[in-house]
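In case you want the letters, here they are:
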Amino acid sequence: MAATMKGTVSVEDVNVTFEDQQKINKFARNTNRMSELKDEIEAKKKSLQNLEDASDDIMMLDDEDSIAIPYQIGDVFISHSQEETQDMLEGAKESLKDEIKVYEGRVAAILQVLADLKVQLYAKFGNNINLEADES
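Residues numbered from 1 in each chain as written. Predicted model: local features only at pLDDT ≥ 70, side-chain atom pairs only at ≥ 80, totals over all residues. Heavy atoms only, no water.

An unreviewed UniProt entry lists the chain under the name Prefoldin subunit 4, with Huso huso given as the organism. Its UniProt record, at the heading Sequence similarities (unreviewed entry), says of the chain: "Belongs to the prefoldin subunit beta family." Its UniProt record gives the chain a comment under Subunit (unreviewed entry), which states: "Heterohexamer of two PFD-alpha type and four PFD-beta type subunits." (UniProt positions renumbered as here; feature names shortened; annotations may be inferred.)

**A look at the environment of Glu 94**
With respect to the helices and strands, Glu 94 occurs in helix H3 (residues 82-125). For the pair Glu 94 and Leu 48, spaced 46 residues apart in sequence, the C-alpha separation works out to 9.0 Å. (Helix = DSSP H or I, 4+ residues; strand = E, 2+ residues; numbered from the N terminus.)

**Observations concerning H3**
The end-to-end C-alpha distance of H3, which contains 44 residues, comes to 62 Å, matching closely the 64 Å that a straight helix rising 1.5 Å per residue would cover. Looking one or two residues past H3, Gly 126 carries a phi angle of roughly 60°, positive in sign. (Expected span 1.5 Å × (residues − 1).)

**Details of the packing of helix H2 (residues 18-59) against H3**
Between two packed helices, both the angle of their axes relative to each other and the distance between the axes serve to describe the pair. Relative orientation of the contacting elements H2 and H3 amounts to 160°, with a least axis distance of 8 Å. Our classification of the angle between H2 and H3 gives roughly antiparallel. The handedness of the crossing between H2 and H3 is left-handed. (Axes fitted to C-alpha atoms, helices over the stretch in contact; angles between N-to-C directions. Parallel < 35°, antiparallel > 145°, perpendicular 65-115°, else oblique. Left-handed = near helix turned anticlockwise from the far one by under 90°.)

**What to know about the pattern of salt bridges**
This structure, assessed with the given rule, holds eight salt bridges. Two residues, Arg 33 and Glu 36, come together in a salt bridge whose shortest N-O distance is 3.4 Å. You can see Arg 33 and its partner Glu 36 sitting in helix H2, three residues apart, about one turn around the helix. For Arg 33, a relative accessible area of 36% corresponds to the partly exposed category. (Salt bridge = Lys/Arg side-chain N within 4 Å of Asp/Glu carboxyl O. Buried < 20%, exposed > 50% of the residue type's maximum accessible area, 1.4 Å probe, protein only.)

What follows is the structure, given as structure tokens:
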């Protein structure tokens, strides 16, 4: 028996309780939720960058070009002056920044939960369980 154990890695047969399964399921749900939140953060950052680009373009307009600038609200475009549009863009940027902070806070909370679950699950299952995310 000693000769066969040298060349192979032994895999322990660990009994999975209902509580363990609940922890594994909680880990999977939180991992998926974190992935969704990260995607949402990226989308919000892209929208924020678009608003910043629009704001920069409006600042480059001459004051003599007092044309009405269309601003999209929902599905409708409403024309405003350059100053009103700039103010609306600033408000929208602040709103997006606040939303990004909220999402990042949620991700941080989920990361803490995942870290706690990892400690508990690795303590019981050791190398028999893989809790690392696949980067594919």
